[in-house]
Amino acid sequence: MARAPKKSPPRGFRKLLLSAAVVAVSITLLVTALVLLHLDRDVQRRFAAVQWVLPAQVYAAPLEIYPGAPLSLAELRDQLDRLGYSSVSVLSGPGTYAEAHSMLDIQTRPFAFWDGAQPSARIMVRGSGKSIASIKDLTSGASLPLVRFDPQLIGSIYPGKSGQDRVLVRLGETPPLLAKALVAVEDRDFYTNVGISFRGILRAALANVASGRIVQGASTLTQQLVKNLFLTDQRTFSRKIREAAMAVLLERHVTKDQILEAYLNEVYLGQDGPRAIRGFGLASQFYFNKPLSELQPNQIALLVGMVKGPSYYNPRRNPKRALARRNVVLQVLEAQGLLKPEQARLQMAEPLGIDNNGTGGPERYPAFIDLVKKQMQGQYSEQDLTLEGLRVFTTLDTEVQQALETRITKGLPGIEKAHRMTIGTLEGAGVVTSVGNGEVLGMVGGRMVHFDGFNRALDTERQIGSLAKPFLYLTAFSDPAHYNPVTPLSNQPVSVKMPNGTMWSPRNFERNDVGGVVPAYVALARSMNIPTVSLGLQVGVKNVVRTFARAGFSNVPDLPSIFLGAIDMSPLEVAQVYSTLAGGGFYTPLQAIRDVVTQDGQPLRRYPLKIQQTLPAGPVYQTVWAMENVLRFGTGRWAQSVLPPGTVLAGKTGTTDANRDSWFAGFGANRVAVIWVGRDDNQPTHLQGATGALRIWAPLMRDLRVQSLDTTPPPTVTDQLVDVTTGLKADAGCPDTITVPFISGYEPQQYAPCANAAHSVVPGWLRHLFE
């Protein structure tokens, strides 16, 4: 049977269908137009409002050299290497040096200091043994009295939430090869496409179809920038469409160079713990310890190659993979005519050249950065510190810091081995300050010196033990009518009733060392507990508390146990009070910051020197003299086997109950150093100050070439030769004498029995004490 023909839809229905389609398309176009208009305005507004996260950049103190400076050429070269200067045969630009016999030719970097901009200079430095002989300007031939180098970037204060860190760069200030290499590798059609690349889309589609999976993307540089600035990393079709649309719209309103400059500052190039390395400016510092402008083609190629996968091509974790990727980029540059074949071959032969000094980034000194943050709290808002690009100039001396780190990282395992401990049992911390101006020169918060964790130098508070004793003796010497360094102190057992009703009976470390009397300076040098407590009970707890406060620490309990150091302090707080002793009684608050300026160099805050005499010069001198004897014959005498012969330093050992904490604090004419050794679980270490902390302190002071103390007494002090046995005035007739400092007018007037002087008279009570 024949099938009936199909009836066509009525013409009216077809017309209605067509009208509906037209309306749908029109609505779609209208909605699309409205969406694009909204996106267009949004792109314009958001790009114009882009505020780079610019963390405060923190700098070390600049290296300064001058004729006569105690710095050998080898040490100067090491300092230049630490600053990222390149050794070359002939000076080739800022940040380079050339070495010849007994001289260094150096081209310094330009730098904007807090007191003005300093241009690059070409200089010649001649050495003479362990010092600088002369400095000459190679351009003018003039002799130079002082040269200041650009300071080392040592860290940044970045926002904890986003963790972004960057060093902002301008396109015109970058090496020309960088932008060309980026375009050649990431977006060859960048200067001709409209924000998206149809050729790239087709190429990626074919590659993905051929492999059966996504193996290639087609994002242009503009699309990558849009994603980084405005979108998330979520991989969805709708996000990709939005990204493409926003890229096209962005291209309508800004120039290619503006897009490229923004990309250079925004691209993600690695991770340093919680800190995201953003932009080529910071990446250059992080991986090579150099400004971006000084990078060689092979270094530029490595950074450009890392854009594809910063973690996958991380040169520290995956050096072989990173090297292969770098060489691929160099081959692309050769193929594009950006490098000559011979140049490309030489660059591919170069090693990665990654700076592995410390953690390999500017965040090398986390303990010191902690101190900087603490001292800036309350003066600047979180936004100021993390967004405004402030430049913070600090007091950190990288040479001192390096010496402190070396001594702690080497010293702790050595102590553990000597005492048969498991490696890793002990922790340590250290602080080094300057004498007179209160500058913190170095700080280490633990044996993992580059670990940004618990800072024991700043945040741990442990009992200080015998480190407290000098302040008790200083209190006594401040009453010269009754006390001086040779005042005989009772060494008879003593018991003290504490506020809680218990009896406290201190004992000497040498349990059988009891009885008789001992001169005050000997009791301090040998860190004897019984004579010290006897003296403390005479001078009074409150007076000792007052002495600590004048030295710079007020949180001292009003208890007799403070005589033996039942005071909780951090190494930095100990450094503060010992700095006051080292300064002759002048108190200067310890400071880690010198100046703060804005991103464009405008000064925000100066940190002037604050100094005040809070302790009397004469008694301080007597106390320091007694502390010198700690190292001569007392508990710190081991240091003499390490320090250069004739070095005169002062210091004190500290050991707490059950040998939980080992301390040593001491100083020379220009440096104060405090070392703590202990356990984080506060268990006994079986170490004394002399067998623990001193083993780090003494080599450190040797490495720092600390200057000997000036033994010239102040005007209020008179040196007097006395008989060691009686403490009375002596002359050539006495076989055993010592020169002792007395407050003028209070020196002994009577001669000892051994003296030749006819009027030698010994009081009966004194003769009885020494029988």
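Criteria and thresholds
Residues numbered from 1 in each chain as written. Predicted model: local features only at pLDDT ≥ 70, side-chain atom pairs only at ≥ 80, totals over all residues. Heavy atoms only, no water. Helix = DSSP H or I, 4+ residues; strand = E, 2+ residues; numbered from the N terminus. Buried < 20%, exposed > 50% of the residue type's maximum accessible area, 1.4 Å probe, protein only. Areas by Shrake-Rupley, 256 points an atom, 1.4 Å probe, with all protein chains shown as cover. Pairing = 2+ DSSP bridges. Contact = heavy atoms within 4.5 Å. Axes fitted to C-alpha atoms, helices over the stretch in contact; angles between N-to-C directions. Core = buried A, V, L, I, M, F, W, Y, C linked by side-chain atoms within 4.5 Å. Left-handed = near helix turned anticlockwise from the far one by under 90°. Nonpolar A, V, L, I, M, F, W, Y, C, P; charged D, E, K, R; others polar. Phe/Tyr/Trp six-rings, centres within 6.5 Å; stacked < 30°, edge-to-face > 60°. Lys NZ or Arg CZ within 6 Å of the ring centre and 35° of its normal. Patch = residues over 30% accessible without salt bridge, like charges linked within 9 Å, V, L, I, M, F, W, Y side chains within 5 Å. Salt bridge = Lys/Arg side-chain N within 4 Å of Asp/Glu carboxyl O. Arc of directions from axis to C-beta. Disulfide = S-S within 2.5 Å. Parallel < 35°, antiparallel > 145°, perpendicular 65-115°, else oblique. pLDDT = per-residue confidence, 0-100. Polar contact = N/O pair within 3.5 Å; in protein donor to acceptor, adjacent residues only side chain to side chain.

For the rest of this paragraph, the subject is the overall build of the protein chain. When helices and strands are counted, the protein chain shows 22 helices and 32 strands. A total of 771 residues make up the protein chain; the buried ones form 53% of that total. On the protein chain, roughly 35,400 Å² of surface is accessible, and the fraction owed to carbon and sulfur atoms is 54%.

This part is about the sheet that holds strand β9 (residues 131–137). Strand pairs in the sheet, formed through backbone hydrogen bonds, run parallel or antiparallel to each other. Spatially, the five strands line up as an open sheet ordered β3-β4-β5-β8-β9, and their pairing is mixed. Two strands in the sheet have a free side with no partner beyond their single neighbour: β3 (86–87) and β9. Sheet topology places strand β4 (residues 96–100) next to strand β5 (residues 103–107); five bridges connect them, and they run antiparallel. Bridging from a neighbouring strand, Ala100 pairs with Met103 of β5. Helix-sheet contacts for helix α2 (residues 73–82) involve β4, β5, β8 (122–128) and β9, and the interaxial angle to β5 is about 25°.

Turning to the nonpolar core, a few remarks are in order. Of all hydrophobic cores here, the largest spans 93 residues; its most connected members are Met376, Ile567, Val574, Tyr578 and Phe667. It is helix α19 (residues 571–582) that contributes the most residues to this core, seven residues altogether. Tyr578 has contacts with Leu467, Pro470, Phe471, Met627, Lys652, Ala665, Gly666, Phe667 and Val672, leaving out every residue within four places of it along the chain. Counting 49 residues, the second largest nonpolar core, distinct from the first, contains Val226, Ile277, Tyr313 and Ala322.

Running from N to C, helix α14 (residues 398–418) and helix α21 (residues 694–703) cross one another at 150°; their axes reach a closest spacing of 9 Å. Here α14 and α21 pass one another in a crossing that is right-handed. Listed contacts from α21 to Ala403, Leu404, Arg407, Ile408, Gly411, Leu412 and Ile415 of α14 are Arg695, Ile696, Pro699, Leu700, Arg702 and Asp703. Its residues assigned to classes, the contact of α14 with α21 shows eight nonpolar, one polar and four charged.

On to the environment of Val522, then. In this fold, Val522 is placed in helix α16 (residues 520–525). The spacing of Val522 and Pro488 is 34 residues in sequence and 9.6 Å in space, taken between C-alpha atoms.

Another aspect to go through is the packing of aromatic side chains. Enumeration over the complete set of coordinates arrives at 16 aromatic pairs. Above the ring of Phe113, the side-chain terminus of Arg148 is found at 3.8 Å from the ring centroid. Between the NZ or CZ atom of Lys256 and the centre of the ring of Phe190, over which it lies, the distance is 4.6 Å.

This part covers a nonpolar patch on the surface. On the surface, a nonpolar cluster with roughly 280 Å² of combined accessible area is contributed by Phe586, Leu609 and Ile611. Relative to the helices and strands, Ile611 resides in the loop between β26 (603–606) and β27 (612–613).

A word on α2. Of the positions making up α2, those classed as buried are Leu73, Leu76, Gln79, Leu80 and Arg82. Contacts from the buried residues of α2 go to β2 (64–65), β4, β5, β8, β9 and α14. Phi for Gly84, located one or two positions after α2, is positive at around 85°.

Bringing the pairing of strand β25 (residues 593–597) into the picture now. In terms of burial, β25 is a largely internal element, four of the five residues being buried. Across four bridges, strand β15 (residues 391–394) lies against β25 in antiparallel orientation. Considered in β25, the bridge of Thr394 is made with Ile593. As judged from the three bridges shared by β25 and β26, these two strands associate in the antiparallel manner. Its bridge partner being in β26, Val596 is matched across the sheet by Arg605. Hairpin connection, β25 to β26: the antiparallel pair is bridged by five residues, and Gly601 has positive phi, about 95°.

If you trace the five strands from one edge of the open sheet to the other, you get β11-β1-β15-β25-β26, paired in mixed fashion. Whereas interior strands pair on both sides, the edge strands pair on one side only; in this sheet they are β11 (153–157) and β26. Strand-to-strand twist in this sheet, taken as the mean axis angle between neighbours without regard to direction, amounts to 20°. Across four bridges, strand β1 (residues 56–59) lies against β11 in antiparallel orientation. Within the sheet, the bridge partner assigned to Val58 lies in β11 and is Gly155. Lying over the sheet, helix α12 (residues 366–376) contacts β1, β11, β15 and β25, oriented at roughly 50° with respect to β11.

On to helix α18 (residues 541–551). Taken together, the buried positions of α18 are Val541, Val544, Val545, Thr547, Phe548 and Ala551. Looking straight down α18, one finds that the buried residues subtend no more than 155° of arc, so they occupy a single side. In this structure, the buried side of α18 is in contact with α15 (469–477), α17 (529–539), α19 and β24 (586–587). Looking one or two residues past α18, Gly552 carries a phi angle of roughly 125°, positive in sign.

One pass over the structure, following the stated rule, counts one disulfide. Disulfide partner of Cys734: Cys754, at an S-S distance of 2.0 Å. In this structure the cystine formed by Cys734 and Cys754 twists about its S-S bond by roughly 95°; its chirality is therefore right-handed. With Cys734 in the loop between β31 (717–723) and β32 (737–743) and Cys754 in the loop between β32 and α22 (764–769), this residue pair connects regions lying 20 residues apart in the sequence.

Let us now look at the packing of helix α3 (residues 176–186) against helix α10 (residues 319–335). For the pair α3 and α10, the least separation of the axes is 10 Å and the interaxial angle reads 95°. Our classification of the angle between α3 and α10 gives roughly perpendicular. Facing Leu177, Ala181, Ala184, Val185 and Glu186 of α3, the residues of α10 in contact are Arg325, Val329, Val332 and Leu333. Classifying every residue of the contact of α3 with α10 gives seven nonpolar, no polar and two charged.

The next point concerns the confidence of the model for the protein chain. Averaged over every residue, the pLDDT of the protein chain is 87; residues scoring 70 or more account for 85%. Predicted confidence is poor over residues 358–362, with pLDDT under 50, and the contacts of this stretch with residues over four places away or in other chains come to 17 contacts.

This next bit is on the side chain of Asn289. Mapped onto the fold, Asn289 is located in the loop between α8 (279–288) and α9 (297–306). Accessibility expressed as a relative area gives 6% for Asn289, which makes it buried. Only 2.7 Å separates the side chain of Asn289 from the backbone oxygen of Arg82, close enough to count as a polar contact. Contact partners of Asn289, with chain neighbours within four places excluded, come to Asp81, Arg82, Leu83, Gly84, Arg109, Ser284, Asp355 and Arg364.

Turning to the pattern of salt bridges, a few remarks are in order. Tallying each qualifying case throughout the model produces 21 salt bridges. Residues Arg109 and Glu294 are paired through a salt bridge, measuring 2.5 Å at the closest nitrogen-oxygen approach. Here Arg109 is found in the loop between β5 and β6 (111–113), whereas its partner Glu294 is found in the loop between α8 and α9, with 185 residues between them in sequence. Here Glu628 makes a salt bridge to Arg632, at a shortest N to O gap of 3.1 Å. Of this pair, Glu628 and Arg632 both sit in helix α20 (residues 617–632), four residues apart, which is roughly one turn of that helix. Glu628 sits in the buried class, given a relative accessible area of 6%. What emerges from the salt-bridge pattern is a single network uniting Glu75, Glu399 and Arg705.

With that settled, the discussion passes to the environment of His686. Relative to the helices and strands, His686 resides in the loop between β30 (671–678) and α21. By relative accessible area, which is 60% here, His686 ends up exposed. Taking the C-alpha atoms as reference points, His686 and Ala658, separated by 28 residues in sequence, lie 7.4 Å from one another.

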